[in-house]
Amino acid sequence: MPAPHQLPQTLGELSASPQFPEARLKTRTVKDEMRSNLIARLKAGETIFPGIVGYEDTVIPQIVNAVLSKQNFILLGLRGQAKSRILRALTALLDEHMPYVAGCEIRDNPYHPLCRRCRDLTAKCGPATPIAWLKRDERYVEKLATPDVTVADLIGDLDPIKAARGGENLSSELTMHYGLLPRANRGLFAINELPDLAGKIQVALFNIMQEGDVQIKGYPVRMELDVALVFSANPEDYTARGKIITPLKDRVGSEIRTHYPETLEEGIAITAQEAWAARGAAQVEIPQYLREVVEQVAFSAREDKRVDKRSGVSQRLPISTMELVVSNAERRALLTSDEPVLPRVGDIYAAMPGITGKLELEYEGEMRGADTVVRELIRTAVGKIFDRYYAGVDTQQIEQWFNLGGTVKLDENQAAAMAQKELKAIQGLLDKLAPLGVKAGDPAPKVVAAAEFFLEGLVAHRKLSRNEQHGFAAQENVRLRERERDLERGRGREELTEERKDLEMEFEDWERARRRRRGGGLN
């Protein structure tokens, strides 16, 4: 493809260029263009959507089928499922450069202009008609659907100022101010959250899709737009009656459902790709088990009954959490001069602000409180990943050390060398780190992070206890605590029963006194 300044600049030069044959440009629609470029990619074995992980066998084949069928389609999915990213990636299926009549607001085809201005210009200038060029990314127009979107925003409106300046009647095409959809002519037009459009706007949209005409201020306007329409929506909104009108739903060729990562490995790959973990000169090393814990938090949240399933748990949760985890480890390294920057499980608790804001809780979760729910999700995630590495491993020696009165505190801002010194006192602990790929002679930050994960795993399985100050100790006698609670509850019931009896006696005394007063008055 020639450089932009080497591209034809007039209609005559365009017609004489062998790279842009008139027959192809005149008749090929944008959907034909996407189809032919997709076929070329498939034959060459190229990746259709680089950077999209986990959809290779589910979503992407359905999108390929829709494009090959030259259909408009909609992506249905919860938040954080890469819907907008996929829609924007469709521009890769467009040509690198596209010619249009210079100065045209709707990027008219030089061989088949739609607007009055371009028809008059090509008739007047002929081969000297000036040509401009669009890059593929400039051919994508996106609109977030909201209830206040109007027909003028989407389709266009009559401009009285333009009519006055040009001396035109309001009914003239030259007074038209084009909306977003006409300005997406010969390109892609995406609408996010389609069901949020008002009913009359949906009517105007499907009228343009099917018949290519619409009425603006009572004047019929016909625009045979060449545009590929793609949408996104929440499945619940899209299928609910009254959210989307049936004729528009009927004109959408394919309904393609997206989903969250199906395996932990897919989620880890997405988070590693999207999270900002490289911090300049600082060497950052993120252990694999920590990546798994962060991702498992999202998986556990999606399964937890206290989290709203209709809202979903966005993939942005592990991404933002990982960034905060690295930042907390970076802050500790700056204070202690430890190298490399190596996050620990305790840093996930410091990243709770990145988790609580991503969860919509049900009633039970609201009653428990977001912080409590998130702490339990982290503990659950640590327990599941701990079992991946230590299923069936005997931890009795370490538990016995704590049961004999041993305690250890891993201060958040404590230097790794000092923390390692305390951890060495726990008999057999450092020998248990081999499944994590850690040896006693490794750098202190690596040893401390692995040991903390091991202790957090014992806490998750209620073999040890942990306080808010990162102190680890023996697990209290659970049966004794439950017995004490039962006794307290029993005592509370007895006190409540006595109080109720007192109130009943007081009411009965008051009722008898009232009867006596009434009797005295009557006599």
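For clarity, every value in this text was computed on a predicted model and none was experimentally measured.

Brief notes about the nonpolar core
- In terms of nonpolar packing, the biggest core is built from 65 residues, with L359, F453 and L455 touching the most fellow members.
- Top element by residues in this core is helix 22 (residues 444-460). It accounts for 11 residues.
- Once residues within four sequence positions are removed from consideration, F453 is found in contact with Y289, V293, V345, V382, I385, F386, Y389, Y390 and L436.
- Core analysis: the next-biggest nonpolar cluster, separate from the first, contains 42 residues, I74, A132, L205 and V252 among them.

Digging into the packing of helix 21 (residues 416-423) against helix 22
- Put simply, helix 21 and helix 22 touch, their axes get as near as 9 Å, and they point 50° apart. In this view, helix 21 runs oblique relative to helix 22, as classed from their interaxial angle. The hand of the helix 21/helix 22 crossing is left-handed. Within the contact between the two elements, helix 21 uses A416, A417, A419, Q420 and L423 and helix 22 uses A444, P445, V447, V448, A451 and L455.
- By residue class, the composition of the contact of helix 21 with helix 22 is 10 nonpolar, 1 polar and no charged.

Describing the packing of aromatic side chains
- Counted by the stated rule, this structure contains 8 aromatic pairs.
- Summarising the aromatic geometry, the rings of Y389 and F453 are spaced 6.3 Å apart at their centres and angled 85° between planes, so their arrangement reads as edge-to-face. Note that Y389 is positioned in helix 19 (residues 370-390) and F453 in helix 22, a separation of 64 residues in sequence.
- Classification of F453 by relative accessible area gives buried; the value is 0%.
- Pairwise contacts between aromatic rings join Y289, F386, Y389, Y390, F453 and F454 into one cluster.

Scoring rules and cut-offs
- Residues numbered from 1 in each chain as written.
- Predicted model: local features only at pLDDT ≥ 70, side-chain atom pairs only at ≥ 80, totals over all residues.
- Heavy atoms only, no water.
- Core = buried A, V, L, I, M, F, W, Y, C linked by side-chain atoms within 4.5 Å.
- Buried < 20%, exposed > 50% of the residue type's maximum accessible area, 1.4 Å probe, protein only.
- Helix = DSSP H or I, 4+ residues; strand = E, 2+ residues; numbered from the N terminus.
- Contact = heavy atoms within 4.5 Å.
- Axes fitted to C-alpha atoms, helices over the stretch in contact; angles between N-to-C directions.
- Parallel < 35°, antiparallel > 145°, perpendicular 65-115°, else oblique.
- Left-handed = near helix turned anticlockwise from the far one by under 90°.
- Nonpolar A, V, L, I, M, F, W, Y, C, P; charged D, E, K, R; others polar.
- Phe/Tyr/Trp six-rings, centres within 6.5 Å; stacked < 30°, edge-to-face > 60°.

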